[in-house]
Amino acid sequence: MSAREYRIDDLAREARVSVRNVRVYQDRGLLPPPRKQGRTGWYNESHLARLHLIGRMLDRGYTFATISELLTAAHYGLQVKDVLETDDPGSRWKKRRRAARLTIAELKRMFGAQTTEANIARGTELGVLVPAGDDYSVDDPRLVEAAQVLVDAGIPLEDVLEQTAAVRRDLSDVAARFVAVVADRYLAAEGESLELDEAKVSDIARLVDQMRPLAHDAVQSLFEQAMEEQISRALERAARQLGETPGPVSGTDTNRAS
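As a starting point, this report considers the structure included with it. Treat the numbers as computed from the prediction; the structure is a model and nothing was measured.

### Here we look at helix α8 (residues 117–125)
- Among the residues of α8, Asn 119, Ile 120, Arg 122 and Gly 123 are the ones counted as buried. Buried residues of α8 fall within an arc of 160 degrees about the axis and therefore sit on the same side. Opposite the buried face of α8, at more than 90 degrees from it, the exposed residues are Glu 117, Ala 118 and Glu 125.
- For α8, the secondary structure elements touched by its buried residues are α7 (104–111), β6 (135–137) and α10 (157–186).
- One or two steps after α8, the chain reaches Gly 127, where phi turns positive at roughly 85 degrees.

Okay, here's the thing in structure tokens:
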């Protein structure tokens, strides 16, 4: 029996909340994004369970910030006391997530002969590897895992690192576009003096707070659509090339070609 999935309207009705609240919880990072199929988002039973949990916590007087801290702590295997014992609970699970540490021997097991001084230096330059004595710490293990998958598939590590650098530059441009939406609205043009009253500062802070998760979701959605399009193009090109593969030439074909 396949797991049940819901459109956002059905999910909201099942959880007895409004569609608007579902979107708010998503924007605030309390609810994971749905599985996208075309333009439709599909939610599952785990989303429904999360909505029920959020509802119970709100009924007990928890704020969105506290709920976010507790849910994130649970995700990284922490307990309530871990949240309460620090003024910056976010730092504790962020450190847990960044706890990966690799030795040269481990890097060589992952990337074989491609674990060259040049590639290690490039990985360090990109911030993927951070020197820590004789070892390397990894800020985001997902980048190393992705690199290993590509190298195992036969793609040179040098090419993976160059693509990483290119993607980082592209994403910097994307981030600049989103920031410019706010900057162009509230900040003075080059060479002009800037005057901000308390109300405008409050507006900027609120807009930035709203924009960050929305920008993340927008980029993720657009990227998924772009990936589907590029994968389709690549498969179509492969199909054409397979169809163009020359086979044995018959006499009829020879006459047609002449």
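### What about the sheet that holds strand β4 (residues 101–102)?
- Taken together, the three strands give an open sheet; going across it, the order is β4-β6-β5, and neighbouring strands pair in antiparallel fashion. Lying at the two open borders of the sheet, with one neighbouring strand each, are β4 and β5 (130–132).
- Summarising the sheet, β5 and β6 pair through three bridges and their orientation is antiparallel. In the strand pairing of β6, Val 130 is matched with Ser 137.

### Notes on the sheet that holds strand β2 (residues 35–37)
- The antiparallel open sheet is built from three strands, whose spatial order is β1-β3-β2. For this open sheet the edge positions go to β1 (5–6) and β2, each flanked by a neighbour on one side alone.
- Here β2 pairs with strand β3 (residues 40–44) via three bridges, running antiparallel. Within β3, the residue paired with Gln 37 across the bridge is Thr 40.

### Thoughts on the packing of helix α1 (residues 8–15) against helix α3 (residues 45–59)
- Their axes nearest at 10 Å, the elements α1 and α3 cross at an angle of 45 degrees. Taken together, α1 and α3 sit at an angle that is classed as oblique. Crossing of α1 against α3: the hand is right-handed. Touching Leu 11, Glu 14 and Ala 15 of α1 are His 47, Leu 48, Leu 51 and His 52, all from α3.
- Within the contact of α1 with α3, the residues separate by chemical class into four nonpolar, two polar and one charged.

### Topic: the packing of α1 against helix α2 (residues 19–27)
- Between α1 and α2, the shortest axis-to-axis distance is 8 Å and the interhelical angle comes to 100 degrees. As far as their axial angle goes, α2 and α1 are roughly perpendicular. The residues of α2 that touch α1, namely those facing Ile 8, Asp 9, Leu 11 and Ala 12, are Val 19, Val 22 and Arg 23.
- Within the contact of α1 with α2, the residues separate by chemical class into five nonpolar, no polar and two charged.

### Concerning a nonpolar patch on the surface
- A cluster of nonpolar residues, Phe 223, Met 227, Ile 231 and Leu 235, forms a patch on the protein surface that exposes about 400 Å² of accessible area.
- Within the element layout of this structure, Phe 223 appears in helix α11 (residues 198–243).

### Considering the side chain of His 47
- The topology assignment puts His 47 in helix α3.
- We classify His 47 as buried; its relative accessible area is 6%.
- Look past the residues within four positions of His 47 in its chain and what remains in contact with it is Leu 11, Leu 31, Pro 32, Pro 33 and Pro 34.

Calculation criteria
Residues numbered from 1 in each chain as written. Predicted model: local features only at pLDDT ≥ 70, side-chain atom pairs only at ≥ 80, totals over all residues. Heavy atoms only, no water. Buried < 20%, exposed > 50% of the residue type's maximum accessible area, 1.4 Å probe, protein only. Helix = DSSP H or I, 4+ residues; strand = E, 2+ residues; numbered from the N terminus. Arc of directions from axis to C-beta. Contact = heavy atoms within 4.5 Å. Pairing = 2+ DSSP bridges. Axes fitted to C-alpha atoms, helices over the stretch in contact; angles between N-to-C directions. Parallel < 35°, antiparallel > 145°, perpendicular 65-115°, else oblique. Left-handed = near helix turned anticlockwise from the far one by under 90°. Nonpolar A, V, L, I, M, F, W, Y, C, P; charged D, E, K, R; others polar. Patch = residues over 30% accessible without salt bridge, like charges linked within 9 Å, V, L, I, M, F, W, Y side chains within 5 Å. Areas by Shrake-Rupley, 256 points an atom, 1.4 Å probe, with all protein chains shown as cover. Salt bridge = Lys/Arg side-chain N within 4 Å of Asp/Glu carboxyl O.

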